[in-house]
Amino acid sequence: MAAAHAPNTVGEPSVRAYRLHQPRRALLAAAELLLAIALAVLAVWLWRTGVVTDTLPAPAGQEPREVSRYLGNRLALSAGSGCLAGVLLLDAIRQWILGTRVDSGIEPEYGPVAPGRPN
């Protein structure tokens, strides 16, 4: 069983106050944004190279035929890279908000544990 948390006194900072504003999260958000952009560029490149057009020779008097081939491994990697870029973009937004949010300075009245709830 976990130890009970004592309620905060008037001058003591709450446990949550230290978790809100962390500037290193903004740096992490910038790194995730750059990685998401790189993955999006990779996804576009993989998609374009995943469709190959071949020209078949034609018999005399006819025009040559063009055949399109789809390379499934590249198209699947393209879709995966795009999805991962989207998830990283969402997490970068979340990290940016957590890194730049300013603490309101208001301490909770009862500390980290709400009154009436078991510890």
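In short, a report on the structure.

Definitions and limits used
- Residues numbered from 1 in each chain as written.
- Predicted model: local features only at pLDDT ≥ 70, side-chain atom pairs only at ≥ 80, totals over all residues.
- Heavy atoms only, no water.
- Helix = DSSP H or I, 4+ residues; strand = E, 2+ residues; numbered from the N terminus.
- Expected span 1.5 Å × (residues − 1).
- Buried < 20%, exposed > 50% of the residue type's maximum accessible area, 1.4 Å probe, protein only.
- Contact = heavy atoms within 4.5 Å.
- Salt bridge = Lys/Arg side-chain N within 4 Å of Asp/Glu carboxyl O.

## Re helix 2 (residues 24–49)
Moving on, step 1. With 26 residues, helix 2 should cover 38 Å at 1.5 Å per step; its first-to-last C-alpha distance of 38 Å lies within 8% of that length.
Moving on, step 2. Those residues of helix 2 lying buried are Arg25, Ala26, Ala29, Glu32, Ala36, Leu39, Ala43 and Leu46.
Moving on, step 3. Lining the buried residues of helix 2 we find helix 3 (72–100).

## Regarding the side chain of serine 78
Moving on, step 1. Along the chain, the position of serine 78 falls in helix 3.
Moving on, step 2. Among residues more than four places away in sequence, those in contact with serine 78 are Ala43, Leu46 and Trp47.

## Re the pattern of salt bridges
Moving on, step 1. Applying the stated criterion across every chain yields a total of 2 salt bridges.
Moving on, step 2. Note that arginine 69 is salt-bridged to aspartate 54, the shortest N-O span being 2.8 Å. Placement of the pair is arginine 69 in strand 2 (residues 65–70) and aspartate 54 in strand 1 (residues 51–56), with a sequence separation of 15 residues.
Moving on, step 3. For aspartate 54, a relative accessible area of 28% translates into the label partly exposed.
Moving on, step 4. Measuring nitrogen to oxygen at the nearest pair gives 3.0 Å for the salt bridge that ties aspartate 91 to arginine 94. With a gap of 3 residues between them, aspartate 91 and arginine 94 both fall in helix 3, about one helical turn apart.

Note that all results are geometric; they support no functional claim without further evidence.
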